[in-house]
Amino acid sequence: MGKLFKYGIACSLNETSTSAPIILRGDIEYLAKTAKEIGYDGIELQLSNPQNYDWDNLVSTAKQAGLEYCAIATGREYHENKLSLISEDKSVRRAAIDRLKLHVDLGAKIGCMVIVGTMRSHIPDFSRYEYYENLLTEAVLELSDYAKTKGVQLVIENILSFTSNWLNTMKQVTDYVKKIGRDNVGVHLDTYSMLMEDNDIRGSIQYCAPKLDYVHFADSARLYPGGGNVDFKTFMKSLLDVGYKGYVTTECIPYPSEYLCAKRGLDYIRALETCVTIERSVDR
């Protein structure tokens with residue numbers, strides 16, 4: 001049986017807190033060797049500054065290992081560098097946009113999309129919602145124009161409300177992306193956030209399907225798939241039903257260890273592939 005999806009793994013090129021939803025940490029040689037050995041197809045890079053790394057080496061090492069890059073995640077720019085796309089400080093917003101353009105440049109170099117998620121930060125005053133949404137939209141439109149010249153796709157991520165207090169459900173994110181109205185701005189689905197924010201998994205996936213470009217799998221408590229209580233069969237069936245063909249990337253805390261998290265998560269997903277294939281054939 002062939003794989004139902006291509007599978008990626010969230011990685012960092014430097015040491016970070018183990019509370020962060022990043023599975024593997026280390027230089028690109030270690031990341032590529034380990035990801036390939038376990039059976040992943042691609043690497044998601046979670047970076048706080050693309051300038052700190054050798055882009056040519058990223059390309060050559062992944063190619064030698066037979067791996068792709070599936071996405072660049074940018075939330076560390078907010079958590080570590082306080083770069084927010086809706087800051088009241090115009091200079092901070094400018095720095096955030098310019099830094100994301102560097103991520104786009106790297107995305108063009110290594111051949112992957114760029115995630116815009118946590119950098120939208122919190123809205124401090126919901127009576128001024130339209131003002132903050134307009135700030136985000138100005139930034140996303142500028143980034144979309146820039147990314148188009150580079151052939152890079154941007155995706156807007158659903159984020160649970162205690163991390164970012166807006167654009168939390170898949171409907172909210174999808175409606176916002178449709179409002180943006182750019183072909184190179186799509187929707188990014190995260191199962192951990194959906195577990196907290198969405199009441200109808202199948203319905204939410206159907207709703208976002210026309211703009212869905214990227215998927216994160218993480219179980220409850222940000223554990224590896226199979227480590228908690230998320231019904232991943234429903235997610236997989238729903239993604240297949242809407243014709244999703246992109247990456248499914250595990251983004252989890254490295255528990256009980258980096259290697260075991262990476263291996264158990266992928267082993268569980270691959271076992272579910274067999275179950276889902278059989279059950280869908282019976283359904284039809």
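Up top is the structure.
Rules and cut-offs
- Residues numbered from 1 in each chain as written.
- Predicted model: local features only at pLDDT ≥ 70, side-chain atom pairs only at ≥ 80, totals over all residues.
- Heavy atoms only, no water.
- Buried < 20%, exposed > 50% of the residue type's maximum accessible area, 1.4 Å probe, protein only.
- Helix = DSSP H or I, 4+ residues; strand = E, 2+ residues; numbered from the N terminus.
- Pairing = 2+ DSSP bridges.
- Core = buried A, V, L, I, M, F, W, Y, C linked by side-chain atoms within 4.5 Å.
- Right-handed = clockwise from strand over helix to strand, strands pointing away.
- Contact = heavy atoms within 4.5 Å.
- Polar contact = N/O pair within 3.5 Å; in protein donor to acceptor, adjacent residues only side chain to side chain.
- Axes fitted to C-alpha atoms, helices over the stretch in contact; angles between N-to-C directions.
- Parallel < 35°, antiparallel > 145°, perpendicular 65-115°, else oblique.
- Left-handed = near helix turned anticlockwise from the far one by under 90°.

Visitor: Got a minute to help me understand the pairing of strand β4 (residues 68-73) in this structure?
Guide: Look at any regular strand and the pattern is simple: side chains alternate between the two faces of the sheet. Extensive coverage of β4 is indicated by the burial of five of its six residues. Here strand β3 (residues 42-46) pairs with β4 via five bridges, running parallel. Counted as the bridge partner of Q46 is A73 from β4. Pairing of β4 with strand β5 (residues 113-116), which is carried by two bridges, proceeds in the parallel orientation. Across the sheet, the residue bridging to I72 is V114, located in β5.

Visitor: How do you make sense of the nonpolar core when you look at a structure like this?
Guide: Among the nonpolar cores identified, the biggest contains 82 residues, and I43, Y69, L85, L189, F217 and L239 are the most heavily contacted of them. Of all the elements, helix α5 (residues 129-150) adds the most residues to this core, at seven residues. In terms of nonpolar packing, the next biggest core, distinct from the first, is built from eight residues, A73, I115, Y214 and Y247 among them.

Visitor: Would you mind going over the pairing of strand β6 (residues 154-157) with me for this structure?
Guide: Burial along β6 is two-sided: the face carrying L154 and I156 and the face carrying V155 and E157 are both buried. In the sheet, β5 pairs with β6 via three bridges, with the strands oriented parallel. Within β6, the residue paired with V116 across the bridge is I156. Each parallel crossover has a hand, and the one from β5 via α5 to β6 is right-handed. In this sheet, strand β7 (residues 185-190) lies alongside β6 in parallel orientation, the contact comprising four bridges.

Visitor: Can you walk me through the environment of R280 in this structure?
Guide: Examined against the element boundaries, R280 turns out to sit in helix α10 (residues 258-283). Distance from R280 to L240, taken between C-alpha atoms, is 9.5 Å for residues 40 residues apart in sequence. Ignoring anything within four residues of it in the chain, the contact list for R280 reads K237, L240 and D241. A distance of 2.9 Å separates a polar atom in the side chain of R280 from a polar atom in the side chain of D241.

Visitor: What's the story with the packing of helix α8 (residues 201-208) against helix α9 (residues 232-241) in this structure? I'm lost.
Guide: Helix packing geometry: the angle between the two helix axes and the distance between the axes. Relative orientation of the contacting elements α8 and α9 amounts to 30 degrees, with a least axis distance of 9 Å. With respect to α9, the axis of α8 lies roughly parallel. α8 and α9 meet at a crossing whose hand is right-handed. Taken together, the residues of α9 that come into contact with α8 (itself represented by I201, R202 and I205) are T234, F235, K237, S238, L239 and D241.

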